[in-house]
Amino acid sequence: MTEQVRSLADEVEAAVSAAMAETLPAELAALDPLVRRSDHADFQSNVALSLAKRLGEKPRDVAERLRERLAGVEWITSVKVSGPGFLNIHLSDAALVERLAARLDDPRLGVPRERSGDVAVVDYSAPNVAKEMHVGHLRSTLIGDSLVRVLDFLGTDVVRQNHIGDWGTQFGMLIQYLTERPGTRWRMADLDAAAGGEGAAEAGDAVSALDSLYREARKVFDADPAFKERAQRRVVALQSGDEETVAAWREIVTESEAAFQRIYARLGVLLTLDDVAGESFYNERLQSVVDELREKGIVEKSDGAWCVFYDDIRSPEDKPVPMIVQKADGGFGYAATDLAAVRYRTLELKANRLLYVVDARQGQHFDMLFRTARRAGWLTDGIEAVHVRNGTINGPDGRPFKTRAGGTVRLADLLDDAEGRAREVVAEKNPDLTGEELDAIARGAGIAAVKYAELSTSRAKDYVFDVTRMVSFSGQTGVYLQYTHTRIASILRRAGEQASAARFDASLPLERAERELALAVDEFGAVLNSVAETLEPHRLAGWLYTLAKAYTDFYENCPVLRADVPEEIRTNRLALCRLTGDTLARGLSLLGIAAPDRM
Ligand code: ARG
């Protein structure tokens, strides 16, 4: 049975609100009670300061009236007015422990499904067919995946959409090039065979091969007018559905998708082939999108193209910048596809939250997209559309990450590097580990390191990809969090049956470090809600670090298994270890990071 446990912060807010209701006029009583965690107390409320202005009274007098009411609350042990009129609120140990007891052994840890009723489409990853996934796609993939997990946990009905770039004139050129060179090796099966058997070639190799073939094709296209003409005929053939050409295109798409899936499997992200609704998915809907925009008078002809204009979107030369919905030659582009996608997601998938986890540099595109969709009535007041923008990953030189030769950094290479370094640190920390166990743990720690480094950075910021820092056992890293989990697991393992049987006893006093840990654990649900609202997974990542530090502090100050610890205190502490371990593991899993018991 899932128990829906209110957080202590919520309880304190409710208590302050009740005190406000008893002492203030109704319109003021409904204000936010401004309750926060504090270094000076368990919680602090600043509400008297803002109320005083409105009441024309001294803040300390208002605070004093609230204090008197709050002092009567049974589970509040002390309330003090401090400074200009802060209320410092201390809770009883029993109130804390009762809260923990209600969370223990609940698979949801007491977190309510506060976001049920929402239908959210999360558009993320979206790499391009026949192109190497680059570090920008890594950010979108990891951030999007974490948002999917958090929203889903909070009860939202989540639809994952992988809007891959699988359509465009470039495919005509690539297909023509490959058709003229039938022996070229680029399919996974051929690459595997060349590398020594099934599974031998690296994940993503087919896209790597296609990526370089595409660049070769481009060179020939630019240098050889005869090839250029054949390639252009191929584009027409593809668009008009020529059987042989479409089959070749489909094969390129299928091989690329399989390569993306291998990377997803390696990263442990949720995306499957069923989540793919690429640009080509919308082909049959594009004409009707333009027709509808024409009927509604939203597009106008400009230089032969159908365009949407906006008063305030202008070029540096102060010329209006249009969103081009249909080109003069009748072709459709990225914008048309996205318009069709908005219409599909709202009208057919019935989503009320559309989230696009995409590079910040596409900001203007999404601005135009959402505004056009609002004009068209596909986005209405009850529907939220957000460009969940992410910054750039930089190299050690602080500039966008490139190989020495200036090319794209292969994702697979980055992950290999992280795993290799993780292997070194894990082996050093734990020399007993060898062979397959070491391999598995190093793989897990390397991926966790990359994911945590990504997800602990505010998504809008740029950051430097620094593998050595990422795999460190100390500091704010995925490895430190995983390691903290293994320490908890080790205590529980050593305590054996006593650990799984441990329950909280609310009559026992708590020490400082225990209280801190208890207060941290209690914040889990509120943190998840803030992630769902701000779409910023780094809030969860940062909070998990706070939780791990609170545990480390507890671990250093409150012995659990030591022989001189009284039995009932040991039991309480084991219960606290278990709840912390479960909360840490659940929180990590919502970032898509594993929590191993040993490393
Ligand atoms: N394929 C695009 C890129 O690589 C990202 C697509 C994002 N999603 C969207 N609905 N536009 O830049």
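All figures in this text were calculated on a predicted structure; none of them were measured in a lab.

Trainee: Run through empty space enclosed by the protein, naming residues and quoting values.
Mentor: Inspection of the entire model under this criterion finds five cavities of 30 Å³ or more. Taken as a whole, the largest cavity spans an internal volume of roughly 60 Å³. Lining the largest cavity are Glu-132, Met-133, Ala-203, Gly-204, Val-207, Ala-259, Phe-260, Ile-263, Arg-410, Leu-411 and Ala-412. Looking at the lining of the largest cavity element by element, the count peaks at three residues for helix 11 (residues 243-267).

Trainee: Give a description of the sheet that holds strand 10 (residues 353-359) that names residues and reports values.
Mentor: Read across the sheet, four strands follow the order 6-5-10-11 without closing on themselves; strand pairing throughout is parallel. At either margin of the open sheet sits one strand with a lone partner, and together these are strand 6 (157-161) and strand 11 (384-390). The mean inter-strand angle of the sheet, taken between neighbouring strand axes irrespective of direction, is 20°. Where strand 10 and strand 11 come together, seven bridges link them in parallel fashion. Note that in strand 11 the partner of Val-357 across the bridge is Val-388.

Trainee: Could you give me a rundown of the pairing of strand 10, with the residues and numbers involved?
Mentor: Across a regular strand the side chains alternate sides, sitting on one face of the sheet and then on the other. The buried fraction of strand 10 is high, at seven of seven residues. As paired strands, strand 5 (residues 119-123) and strand 10 are joined by four bridges and run parallel to one another. By the bridge assignment for strand 10, Ala-120 is matched with Arg-353. The β-α-β motif built from strand 10, the intervening helix 14 (residues 363-376) and the parallel element strand 11 has right-handed crossover chirality.

Trainee: Pulling in residues and values, what's your account of the side chain of Thr-552?
Mentor: When you line up the elements, Thr-552 lands in helix 22 (residues 538-557). Exposure remark for Thr-552: the relative accessible area of 12% places this residue in the buried category. A polar side-chain atom of Thr-552 sits 2.8 Å from a polar atom in the side chain of Tyr-480. Non-local contacts of Thr-552, meaning those with residues more than four positions away in its chain, are made with Tyr-480 and Arg-487.

Trainee: An account of the site of the ligand is requested, with residue identities and associated values reported.
Mentor: Near the ligand you find Asp-123, Ala-126, Asn-128, His-137, His-163, Tyr-334, Asp-338, Tyr-356, Val-358, Gln-362 and Phe-366, and these make up its full shell. A distance of 3.0 Å separates a nitrogen atom of the ligand from a polar backbone atom of Ala-126. Asp-338 is positioned such that a nitrogen or oxygen atom in its side chain is 2.8 Å from a nitrogen atom of the ligand. In the complex, the protein chains occlude 89% of the 350 Å² of accessible area that the ligand would expose alone. Mapped onto the shell around the ligand, the elements with two or more residues apiece are helix 13 (334-348) and strand 10.

Trainee: Give me the lowdown on the pattern of salt bridges, citing residues and values where you can.
Mentor: Once their charged atoms are close, side chains differing in charge can pair, the charge on each being opposite to the other. Counted by the stated rule, this structure contains 41 salt bridges. Asp-93 is the salt-bridge partner of Arg-515, the closest N and O atoms lying 2.9 Å from each other. Placement of Arg-515 in helix 20 (residues 512-521) and of Asp-93 in helix 5 (residues 93-103) is noted, with a sequence separation of 422 residues between them. Each member of the pair, Arg-515 as well as Asp-93, is classed as buried. The shortest N-O distance in the salt bridge between Arg-285 and Glu-348 comes to 3.6 Å. On the criterion of sequence distance, the pair formed by Arg-285 in helix 12 (residues 283-295) and Glu-348 in helix 13 is long-range, its members being 63 residues apart. Each of Arg-6, Glu-11 and Arg-99 takes part in a single network of salt bridges with overlapping partners.

Trainee: Outline the nonpolar core, supporting the account with residue identities and numerical values.
Mentor: The biggest cluster of nonpolar side chains holds 130 residues, and the ones touching the most others in it are Leu-70, Phe-465, Phe-524, Leu-528, Leu-540, Leu-544 and Phe-554. In contact with Phe-465, other than residues within four places in its own chain, are Leu-138, Ile-393, Asn-394, Phe-401, Leu-414, Val-450 and Met-470. Core analysis: the next-biggest nonpolar cluster, separate from the first, contains 37 residues, Tyr-282, Val-289, Trp-378 and Ala-385 among them.

Trainee: Which residues make up the UniProt feature "domain: DALR anticodon binding" (unreviewed entry) in the chain, and what are the values?
Mentor: UniProt tags residues 481-599 as "domain: DALR anticodon binding" (unreviewed entry). Secondary structure content for residues 481-599 is 71% helix and 0% strand, and the end C-alpha separation is 11 Å.

Trainee: Go over helix 5 with me, naming the residues and quoting the values.
Mentor: Residue pairs three or four apart in sequence face the same way in an α-helix, which turns once every 3.6 residues. Judged by how many residues are buried, helix 5 sits mostly within the fold: eight of eleven residues are covered. Buried residues of helix 5: Asp-93, Ala-95, Leu-96, Val-97, Arg-99, Leu-100, Ala-102 and Arg-103, and no others. Of the surrounding elements, those touching the buried residues of helix 5 are helix 1 (8-23), strand 4 (86-91), helix 20 and helix 23 (567-590). Phi turns positive one or two residues past the end of helix 5, at Asp-105, with a value near 70°.

The rules we used
- Residues numbered from 1 in each chain as written.
- Predicted model: local features only at pLDDT ≥ 70, side-chain atom pairs only at ≥ 80, totals over all residues.
- Heavy atoms only, no water.
- 1 Å grid on protein atoms, 1.4 Å probe; cavity = no way out; pocket = protein on both sides within 12 Å on 5 of 7 lines; lining within 4 Å.
- Points joined across faces, edges and corners; volume = space filled by probe spheres on them.
- Helix = DSSP H or I, 4+ residues; strand = E, 2+ residues; numbered from the N terminus.
- Pairing = 2+ DSSP bridges.
- Axes fitted to C-alpha atoms, helices over the stretch in contact; angles between N-to-C directions.
- Buried < 20%, exposed > 50% of the residue type's maximum accessible area, 1.4 Å probe, protein only.
- Right-handed = clockwise from strand over helix to strand, strands pointing away.
- Polar contact = N/O pair within 3.5 Å; in protein donor to acceptor, adjacent residues only side chain to side chain.
- Contact = heavy atoms within 4.5 Å.
- Near = heavy atom within 4 Å.
- Areas by Shrake-Rupley, 256 points an atom, 1.4 Å probe, with all protein chains shown as cover.
- Salt bridge = Lys/Arg side-chain N within 4 Å of Asp/Glu carboxyl O.
- Core = buried A, V, L, I, M, F, W, Y, C linked by side-chain atoms within 4.5 Å.
- UniProt positions renumbered as here; feature names shortened; annotations may be inferred.

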